[in-house]
Amino acid sequence: MSNERLEAILAAAYECFTRHGVRRTTMDDIAATAGMSRPAVYQYVRNKDDAYRRLAERLFAGSLAEARAAATDPAASTAQRLTAALGAKLELTLTLHRDSRHAAELLDTSTRLTGDLVEAYTRELTDVVAGALADRAGSRARAVAEVLVALTRGLEADLTDPDLPRQRLRDGVALVVAGLDKPGDLS
């Protein structure tokens, strides 16, 4: 099977899902947008739900790749690495909100289709952030990473001004990193 054809199908699925929402998108919509026949699309995806899952996997993998690269940038400070790594998650959400009025449906973490993918993505992102904090936070790295990921998720609640959550993320990370340098037990 051609990887290029699958990518074309997933790009078409993204366009359809962002335009119509998941519920209203049909396989005919995806096939027409991909410029393929419906039987040809079915050679690559089983159904609309499969296309949605594969698309979500692709989006999460891209975001995690950005986060990993940012978290291991040797030229960046701890705050810069953390802001960029967490920014990869925030930017994924901002992009969906920019591209679709159906973003809430597309990002629904309780959905049966992608709930497990969201959990895995969040867990892996937390691992990436904890790794970036290991030198500064020591045994507290995982707990601090969980707080920072929760902060990022909270910032996604109001995206009316996309620059505001970006600034708040930078400020929140700076505060947490500054707190790591203060003596005392935070447990």
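Residues numbered from 1 in each chain as written. Predicted model: local features only at pLDDT ≥ 70, side-chain atom pairs only at ≥ 80, totals over all residues. Heavy atoms only, no water.

1. Digging into the overall build of the protein chain
Move 1: Counting secondary structure elements, the protein chain contains nine helices and zero strands.
Move 2: Element order for the protein chain, N to C, with α for helix and β for strand: α-α-α-α-α-α-α-α-α.
Move 3: Relative to its full complement of 187 residues, the protein chain shows a buried share of 45%.
Move 4: Sequence separation of 24 or more characterises 64% of the internal contacts of the protein chain that already satisfy a separation of 6 or more.
Move 5: As displayed, the protein chain has an accessible area near 10000 Å², and 52% of this comes from carbon and sulfur atoms.
Move 6: Charge-centre separation for the protein chain: the mean point of 25 positive side chains lies 2 Å from the mean point of 27 negative side chains. (Helix = DSSP H or I, 4+ residues; strand = E, 2+ residues; numbered from the N terminus. Buried < 20%, exposed > 50% of the residue type's maximum accessible area, 1.4 Å probe, protein only. Contact = heavy atoms within 4.5 Å. Areas by Shrake-Rupley, 256 points an atom, 1.4 Å probe, with all protein chains shown as cover. Lys, Arg positive; Asp, Glu negative; His and termini not counted. Charge placed at Lys NZ, Arg CZ, Asp CG, Glu CD.)

2. What to know about the side chain of K89
Move 1: Assignment of secondary structure puts K89 in helix α5 (residues 78-99).
Move 2: Judged by relative accessible area, K89 falls into the buried class, the value being 10%.
Move 3: Among the polar contacts made by the side chain of K89, one reaches the side chain of E156 at a distance of 3.0 Å.
Move 4: Apart from residues lying up to four places away in sequence, K89 is in contact with S63, Y121, L125, T152, R153 and E156. (Polar contact = N/O pair within 3.5 Å; in protein donor to acceptor, adjacent residues only side chain to side chain.)

3. Examining the confidence of the model for the protein chain
Move 1: Across the protein chain, the average pLDDT comes to 93, with 96% of residues at 70 or higher.
Move 2: Ranking the elements of the protein chain by mean pLDDT puts helix α6 (residues 103-106) last, at 80, and helix α2 (residues 27-34) first, at 98. (pLDDT = per-residue confidence, 0-100.)

4. With respect to the packing of α5 against helix α8 (residues 141-155)
Move 1: Between α5 and α8, whose axes approach to 10 Å, the crossing angle comes to 40°. By the angle between their directions, the pair α5 and α8 is classed as oblique. Viewed along their axes, α5 and α8 form a crossing whose handedness is right-handed. The segment α5 lies against α8, with L82, L86, K89 and L90 engaging L148, V149, T152 and R153. (Axes fitted to C-alpha atoms, helices over the stretch in contact; angles between N-to-C directions. Parallel < 35°, antiparallel > 145°, perpendicular 65-115°, else oblique. Left-handed = near helix turned anticlockwise from the far one by under 90°.)

5. Topic: the side chain of T78
Move 1: With respect to the secondary-structure elements, T78 resides in helix α5.
Move 2: Dropping the residues within four chain positions of it, T78 is found in contact with A132, R136 and V177.

6. Some thoughts on α8
Move 1: Taking 1.5 Å per residue as the helical rise, α8 with its 15 residues ought to reach 21 Å, and the 21 Å between its terminal C-alpha atoms agrees with that figure.
Move 2: Residues of α8 that are buried make contact with α5, α7 (115-137) and α9 (163-180). (Expected span 1.5 Å × (residues − 1).)

7. What about the packing of aromatic side chains?
Pairs of aromatic rings are described using the distance from one ring centre to the other and the angle between the two planes.
Move 1: Throughout the structure, instances matching the rule amount to two aromatic pairs.
Move 2: Plain terms: the ring middles of F17 and Y52 are 5.4 Å apart, the flat faces sit at 90° to each other, and that makes the pair edge-to-face. Here Y52 lies in helix α4 (residues 48-71) and F17 lies in helix α1 (residues 3-20), a separation of 35 residues in the sequence.
Move 3: Owing to a relative accessible area of 1%, F17 belongs among the buried residues under this scheme.
Move 4: Owing to a relative accessible area of 6%, Y52 belongs among the buried residues under this scheme.
Move 5: With a centroid separation of 4.6 Å and 20° between ring planes, the pair formed by F60 and Y121 is classed as stacked. With F60 in helix α4 and Y121 in helix α7, the pair connects residues that are 61 residues apart, well separated along the chain. (Phe/Tyr/Trp six-rings, centres within 6.5 Å; stacked < 30°, edge-to-face > 60°.)

8. Some remarks on the nonpolar core
Move 1: Residues L82, L86, L125, V129, L133 and L148 are the most contacted members of the largest nonpolar core, which totals 34 residues.
Move 2: A per-element tally of this core places α7 first, with 10 residues.
Move 3: Dropping the residues within four chain positions of it, L133 is found in contact with L82, G138, A141, V144, A145, L148 and L180.
Move 4: If you look at the next biggest cluster of nonpolar residues, it comprises 24 residues, including I30, A40, V41 and L113. (Core = buried A, V, L, I, M, F, W, Y, C linked by side-chain atoms within 4.5 Å.)

9. Brief notes about the pattern of salt bridges
Move 1: Per the stated rule, a full pass over the model turns up 15 salt bridges.
Move 2: Put simply, D28 and R38 hold a salt bridge, and the shortest N to O gap is 3.5 Å. Of the two residues, D28 is situated in helix α2 and R38 in helix α3 (residues 38-41); the sequence distance between them amounts to 10 residues.
Move 3: When the shortest N-O distance is used, the salt bridge between R136 and D181 registers 2.6 Å. (Salt bridge = Lys/Arg side-chain N within 4 Å of Asp/Glu carboxyl O.)

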